[in-house]
Amino acid sequence: MPDDDLVFKALADPTRRFLLDQLFARDGRTLTELESEVDMSRFGVMKHLKLLEEAGLVVTRKEGREKKHFLNPVPIRQIHDRWIDKFTERNVTALLGLKAELETEDPQ
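Residues numbered from 1 in each chain as written. Predicted model: local features only at pLDDT ≥ 70, side-chain atom pairs only at ≥ 80, totals over all residues. Heavy atoms only, no water.

K.L.:
Give me the pairing of strand S3 (residues 66–71): which residues, what numbers.
P.N.:
Summarising the sheet, strand S1 (residues 29–30) and S3 pair through 2 bridges and their orientation is antiparallel. Of the residues in S3, the one forming a bridge with Arg29 is His69. As defined by bridge partners, strand S2 (residues 58–63) adjoins S3 across 6 bridges and the pair is classed as antiparallel. Residue Lys62 lies in a different strand from S3, and its bridge partner there is Lys67. Remark: 2 residues form the turn of the hairpin made by S2 and S3, two consecutive strands paired antiparallel; Gly64 in that turn has positive phi of roughly 65°. (Pairing = 2+ DSSP bridges. Helix = DSSP H or I, 4+ residues; strand = E, 2+ residues; numbered from the N terminus.)

The structure is reproduced here in structure tokens:
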């Protein structure tokens, strides 16, 4: 599955988006900390985190006996640059052209 597909699949689930929001608010959380934020079993949270890791949205690091989870915003930015930027560029260019045209018109 291409990387974009994994990212879209990961972002499609509201629980996974919530976990990403939690990591955005405070990075470097353990499984126990993330589990305490959702009404779901530890195993369920682990499955969601595994999918987020496979998509590259979460990276982990062992610190002593703890495994900490960190948000990786790069895949989301790549999706933005590929799918959103190119579609909004035309609109922004059109609005800038309209603005310039309106500012140069001679008011009568």
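And the narrative resumes.
K.L.:
I'd like a description of the sheet that holds S3, backed by residues and values.
P.N.:
Across the sheet, which stays open at both edges, the 3 strands sit in the order S1-S3-S2 with antiparallel pairing between neighbours. Edge positions in the sheet fall to S1 and S2, since each has one partner strand and no second. Sheet contacts for helix H2 (residues 14–25): S1, S2 and S3; angle to S3, the most-contacted strand, approximately 95°. (Contact = heavy atoms within 4.5 Å. Axes fitted to C-alpha atoms, helices over the stretch in contact; angles between N-to-C directions.)

K.L.:
Talk me through the environment of Thr15; I want residue IDs and the actual numbers.
P.N.:
As for its placement among the helices and strands, Thr15 is situated in helix H2. You can call Thr15 buried: its relative accessible area is 18%. Taking the C-alpha atoms as reference points, Thr15 and Phe43, 28 residues apart in sequence, are found 14 Å from one another. (Buried < 20%, exposed > 50% of the residue type's maximum accessible area, 1.4 Å probe, protein only.)

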